[in-house]
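One letter stands for each residue in the lines below.
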Amino acid sequence: MMVDEILSSSVTPIKKSMRFQERKPAKKVDMDNLDKNKLKSYDITLNGRKVQIFYDGKDGVIINGKLYRGKVSESNNGYYISEVIVGPGKKHQYRIEYHDGKIYLEGREVEFDFQPSLPKLKRIKSSKHGTFTILAPLPGVITEINVKVGDSVNIGDTLLTLEAMKMQNDILADYQGKITKIFVKEREQVISNQKLVQISSENDN
Amino acid sequence: MIERLLIANRGEIAVRIIRAARTLEMETVAVYSEQDRYGFHTRLADHSVSLGSGPAIDNYLNIHKMIEVAKDQEVDAIHPGYGFLSESTEFAKAVINEGFKWVGPNPEAISKLGDKLQSRKVASKVGVPITPGCEEALDSNKDALRIAREIGYPVMIKAAYGGGGMGMQVVRSEDNLIRAIKNTKRQAKAAFGRSDVFIEKFVEKPRHIEIQFIADKKGHIVHMGERECSIQRRNQKLIEEAPSPVITDEMREYIGNKVKELGKSVGYVNAGTAEFLFKDGEFYFNEVNARLQVEHPVTEMVTGKDIVIEQLKIASDRRLSWKQEDIQMNGHAIELRINAEDPISNFMPSFGKIKALRIPGGMGVRFDTHIYEGYVIPSDYDSLLGKLIVWGEDRSQVIYRSYYALSEFVLTGIAINTPMHRVILANKQFHKGNLSTSFIEDNNIIPYIEEAFNRRVAGLFLAGLQTTKVVLPNEFTSSKWKQVGKYENSGMLI
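What you are looking at is a predicted structure, and each value in this text was computed from that prediction instead of being measured.

### A closer look at the overall build of chain B
- Assigned secondary structure in chain B consists of 17 helices and 22 strands.
- A globule of 494 residues ought to have a C-alpha radius of gyration of about 23 Å, and chain B, at 24 Å, matches this closely.
- With the C-alpha coordinates of chain B rotated into their principal frame, the extents come out at 80 × 60 × 45 Å.
- In chain B, which comprises 494 residues, the proportion classed as buried is 59%.
- Considering only contacts in chain B between residues 6 or more positions apart, those separated by 24 or more positions represent 67%.
- As displayed, chain B offers around 19800 Å² of accessible surface, 47% of which is attributable to carbon and sulfur atoms.
- Here chain B carries 64 positive and 64 negative side-chain charges, and the mean point of each set is 3 Å from the other.

Written as structure tokens, this is what we have:
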């Protein structure tokens with residue numbers, strides 16, 4: 001097993017970067033072998049680009065279905081060395097520094113931010129005043145429907161649960177009103193932006 | 001000599017022209033749309049004048065307004081830059097008719113090069129190698145089938161009045177020919193107002209090679225060697241270099257002389273570029289760009305000659321400063337176009353405020369740009385933020401220097417395309433000089449950029465968790481990263 005030498009440069013040297021490019025890309029992971037209950041999702045921004053990741057609570061990060069394991073160590077001069085492993089012997093080391101509110105990666109300032117993913121609710125307003133339709137934020141399977149037509153709901157109430165990317169996503173009401181239509185049933189496969197539930201403002205009825 | 005110059009453009013090229021004009025101690029007048037009120041060129045110029053708000057057609061493309069400003073400001077010359085009005089013969093004629101000096105090619109020469117079919121004819125007359133194809137616009141389907149059979153498939157159907165990578169269709173077999181002609185005619189009619197089309201041999205995976213030339217009003221002309229611009233995506237150039245790794249001195253002299261003959265035959269004045277496709281040692285003439293080009297700096301770096309200064313001198317009726325033997329290639333130069341677009345998301349453009357900006361430096365490193373820290377990129381214009389232009393003694397040195405110059409470059413606030421440049425500069429085929437216009441697809445550049453991005457995200461995320469010692473998950477709902485500085489300053493947590 002090849003192990004790269006201890007990081008001695010701030011930037012990946014050109015020849016090393018060339019070798020990395022010639023490697024086969026990291027394989028997609030089998031999500032079934034992971035403990036899904038422990039996976040937590042985060043929204044990340046790095047240099048203006050946004051991406052959603054899943055963190056296993058230990059050392060694994062899943063991005064676009066690929067697993068990146070990491071080990072972080074602190075060097076004696078205050079830098080952090082993040083070692084990212086994408087396969088046997090495939091290690092990449094990055095030098096990270098925190099100073100004065102700024103983050104430096106490989107000696108360069110970067111813009112990096114993350115927060116737990118919030119359920120991304122999309123809704124469309126129908127032509128009728130005060131009626132909103134909640135859309136599926138991502139493709140998946142409806143595993144549970146918590147409301148029925150005629151129920152009154154408050155903002156934050158769970159409407160239904162959508163399993164997507166092996167994760168349970170609670171779809172919450174972001175509008176107060178009465179359920180006037182349910183477009184889906186349990187175990188139904190839905191696509192992105194498919195209509196799920198219609199809520200009408202009670203004042204209008 | 002011109003005393004007061006109007007720069008009818010914006011962005012990095014307006015800045016570039018102002019710098020050249022200043023060197024010649026000309027007064028400069030900039031124009032701006034209201035969206036560009038705080039553009040760098042408005043501050044750099046001696047005077048700047050608003051062209052009002054709205055789309056470009058109401059300001060940067062408005063011939064009437066531009067001429068009014070020129071009169072009002074009592075300038076004696078106008079430089080159009082590239083894009084916008086630079087290739088409008090109507091504007092060039094209006095400028096000249098109103099008694100201003102036009103810093104660009106004479107409208108007569110441009111109309112002689114005219115459309116793509118006509119420039120093919122002019123080129124072939126002086127012996128410039130052209131792509132095999134038809135001489136006239138296609139008349140009948142029978143002719144089309146015969147010509148296509150003669151030159152052999154695949155062929156390209158091209159709109160005679162097309163441009164910008166539009167109005168072109170590749171046909172790989174006879175079954176699709178007639179339908180493709182019909183489609184291209186319809187598109188050409190809609191986009192360019194005229195439906196004339198012609199057939200050319202389609203050159204597969206060619207290199208893009210172009211020859212810079214410049215001529216004065218007294219009949220002197222020099223070529224300034226080639227630039228290779230093969231690294232493209234959807235016909236948009238991304239990386240340019242000079243000289244090309246595959247062009248020998250003999251080839252340069254041969255094609256350079258042909259281009260000079262072409263320029264002379266139409267009485268061309270000022271700077272221009274003849275574009276060619278290049279495959280297996282053969283040049284195939286494409287078109288003449290009758291203007292200053294984005295990538296002109298790579299030629300400047302290897303020849304040591306300032307093309308924009310020379311343009312201004314020629315427009316001032318001066319004699320060309322150089323003879324052909326004064327133009328020598330010294331070393332190698334690369335230009336990386338820094339664009340506000342995300343290569344991983346299909347080059348989606350990004351807009352917004354530039355937060356941090358650190359521009360690299362050192363021997364042979366030049367950055368032509370109009371951006372600054374706090375600059376807000378308007379969504380109205382193209383995504384070019386600047387050009388990192390690097391010189392080296394040879395191709396290998398300039399690649400290494402570019403890679404490490406780029407590694408110093410910081411720009412935060414918006415997504416930009418530097419990760420793509422970084423990957424290409426460390427690509428083995430790029431080092432070997434194995435380039436073609438489909439380089440990015442053929443070498444899987446985009447998937448690797450994403451892979452490298454993901455690794456860094458993972459590295460930063462895991463380091464971030466460790467650093468602030470925040471217990472995960474669900475301990476926080478808003479970003480903690482903004483507080484890193486606070487923790488540090490108060491001596492807590494870190």
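From this point, things continue past the structure.
### Thoughts on the nonpolar core
- Core analysis: the biggest nonpolar cluster contains 74 residues, and Phe430 and Phe461 of chain B have the highest contact counts within it.
- Beyond its immediate stretch of four places on either side in the chain, Phe461 of chain B contacts Tyr42, Ile44, Ile53, Tyr55, Val61, Phe112 and Phe114 of chain A.
- Grouped together as the second largest cluster of nonpolar side chains are 34 residues, Ile13, Ile18, Ala30 and Ala315 of chain B included.

### Some details on the packing of aromatic side chains
- A complete count under the given rule lists 18 aromatic pairs over all chains for this structure.
- Between Tyr55 of chain A and Phe461 of chain B, the ring centres sit 5.2 Å apart and the planes meet at 70 degrees, which makes this aromatic pair edge-to-face. Of this pair, Tyr55 of chain A sits in strand S2 (residues 49-55) while Phe461 of chain B sits in helix H16 (residues 445-468), which puts the two residues in different chains. A single burial state applies to Tyr55 of chain A and to Phe461 of chain B, both of which are buried.
- Measuring from centroid to centroid gives 5.8 Å for Phe276 of chain B and Phe285 of chain B, while their planes differ by 70 degrees, and the two rings are edge-to-face. Judged on exposure class, the residue Phe276 of chain B and its partner Phe285 of chain B are both buried.

### Thoughts on the side chain of Glu341 of chain B
- Of note, Glu341 of chain B is situated in strand S15 (residues 341-342).
- Beyond its immediate sequence surroundings of up to four residues, Glu341 of chain B is in contact with Arg233, Leu238, Phe347, Met348, Pro349, Ser350, Ser383, Ala415, Ile416 and Asn417 of chain B.

### Overview of the pairing of strand S10 (residues 221-233) of chain B
All names here are of chain B.
- A large share of S10 lies buried, amounting to 13 of its 13 residues.
- Pairing of strand S9 (residues 207-215) with S10 involves six bridges; the strand directions are antiparallel. Bridge pairing in S10 links Ala215 to Ile221.
- Between S9 and S10, which follow one another and run antiparallel, lie five residues, and Gly219 among them has a positive phi close to 90 degrees.

### Focus: the interface of chain A and chain B
- In this complex, chain A contributes 54 residues to the contact, which on the side of chain B involves 59 residues.
- Across the interface of chain A and chain B, roughly 5100 Å² is buried in total on both sides, 61% from carbon and sulfur atoms.
- Applying the counting criterion to the chain A and chain B interface returns six salt bridges.
- With a shortest N-O distance of 3.5 Å, Glu22 of chain A and Lys428 of chain B are connected by a salt bridge.
- Viewed at the interface, chain B and chain A are joined by 23 residue pairs in polar contact (both at pLDDT 80 or more).
- With seven residues, the top contributor of residues to the side of chain A that touches chain B is helix H1 (residues 14-22) of chain A.
- In terms of residue class, the side of chain A that touches chain B is built from 28 nonpolar, twelve polar and 14 charged.

### Side note on the sheet that holds strand S11 (residues 236-242) of chain B
All names here are of chain B.
- Read from one edge of the open sheet, eight strands run S13-S12-S9-S10-S11-S14-S21-S19, paired in antiparallel fashion. A strand with exactly one partner marks an edge of an open sheet, and here the two such strands are strand S13 (282-289) and strand S19 (365-369). Between one strand axis and the next, the sheet turns through 25 degrees on average, direction left out of account.
- As paired strands, strand S12 (residues 270-279) and S13 are joined by seven bridges and run antiparallel to one another.

### Some thoughts on helix H11 (residues 307-315) of chain B
Residue and element names in this part refer to chain B.
- Counting buried residues along H11, eight of its nine residues qualify, which places the element largely inside the surrounding structure.
- Considered for burial, the residues of H11 that qualify are Ile307, Val308, Ile309, Glu310, Gln311, Leu312, Ile314 and Ala315.
- Two or three places before Val308, at the opening of H11, Asp306 has a side-chain oxygen 3.0 Å from that residue's backbone nitrogen.
- Just downstream of H11, Asp317 is the residue with a positive phi angle, here 70 degrees.

### Side note on the environment of Val11 of chain A
- Examined against the element boundaries, Val11 of chain A turns out to sit in the segment before H1.
- Here Val11 of chain A falls in the buried class, since its relative accessible area comes to 11%.
- A sequence separation of 83 residues divides Val11 of chain A from Tyr94 of chain A, and the C-alpha atoms of the two residues are 8.1 Å apart.
- Beyond its immediate chain neighbours, meaning those up to four positions away, Val11 of chain A contacts Glu106 of chain A together with Tyr403, Tyr404, Ser407 and Arg422 of chain B.

### Side note on the packing of H1 of chain A against helix H12 (residues 395-408) of chain B
- Axis separation between H1 of chain A and H12 of chain B bottoms out at 11 Å; the angle between their running directions is 85 degrees. When the interaxial angle is binned, H1 of chain A and H12 of chain B end up roughly perpendicular. Counting all contacts with H1 of chain A, which are made through Ile14, Lys15 and Ser17 of chain A, the residues of H12 of chain B involved are Ile399, Tyr400, Tyr403 and Tyr404 of chain B.
- Looking at side-chain class alone, the contact of H1 of chain A with H12 of chain B contains five nonpolar, one polar and one charged residues.

### Focus on the confidence of the model for chain A
- Per-residue confidence for chain A gives a mean pLDDT of 82, with 85% of residues at or over 70.
- Highest mean pLDDT in chain A belongs to strand S8 (residues 108-110) of chain A (94); lowest belongs to strand S10 (residues 122-125) of chain A (54).

### A word on unusual backbone geometry
Residues and elements named next belong to chain B.
- Residues Tyr153 and Pro154 are joined by a peptide bond in cis, for which omega reads -5 degrees.
- As for its placement among the helices and strands, Pro154 is situated in the loop between helix H7 (141-151) and strand S6 (155-159).
- In this structure, Pro243 follows Ala242 across a cis peptide bond, with omega equal to -10 degrees.
- Here Pro243 is to be found in the loop between S11 and helix H9 (249-265).
- We note that Glu25 has phi near 55 degrees; this positive angle belongs to a residue other than glycine.
- Relative to the assigned elements, Glu25 resides in the loop between helix H1 (11-23) and strand S2 (27-32).
- For Lys205, which is not glycine, the phi torsion reads 45 degrees and is therefore positive.
- Mapped onto the secondary structure, Lys205 falls in the loop between strand S8 (197-201) and S9.

So, how was this worked out
Residues numbered from 1 in each chain as written. Chains lettered and ligands numbered in written order. Predicted model: local features only at pLDDT ≥ 70, side-chain atom pairs only at ≥ 80, totals over all residues. Heavy atoms only, no water. Helix = DSSP H or I, 4+ residues; strand = E, 2+ residues; numbered from the N terminus. Rg over C-alpha atoms; globule rule 2.2 N^0.38 Å. Buried < 20%, exposed > 50% of the residue type's maximum accessible area, 1.4 Å probe, protein only. Contact = heavy atoms within 4.5 Å. Areas by Shrake-Rupley, 256 points an atom, 1.4 Å probe, with all protein chains shown as cover. Lys, Arg positive; Asp, Glu negative; His and termini not counted. Charge placed at Lys NZ, Arg CZ, Asp CG, Glu CD. Core = buried A, V, L, I, M, F, W, Y, C linked by side-chain atoms within 4.5 Å. Phe/Tyr/Trp six-rings, centres within 6.5 Å; stacked < 30°, edge-to-face > 60°. Pairing = 2+ DSSP bridges. Buried area = accessible area lost by both parts, 1.4 Å probe. Salt bridge = Lys/Arg side-chain N within 4 Å of Asp/Glu carboxyl O. Polar contact = N/O pair within 3.5 Å; in protein donor to acceptor, adjacent residues only side chain to side chain. Nonpolar A, V, L, I, M, F, W, Y, C, P; charged D, E, K, R; others polar. Axes fitted to C-alpha atoms, helices over the stretch in contact; angles between N-to-C directions. Parallel < 35°, antiparallel > 145°, perpendicular 65-115°, else oblique. pLDDT = per-residue confidence, 0-100.

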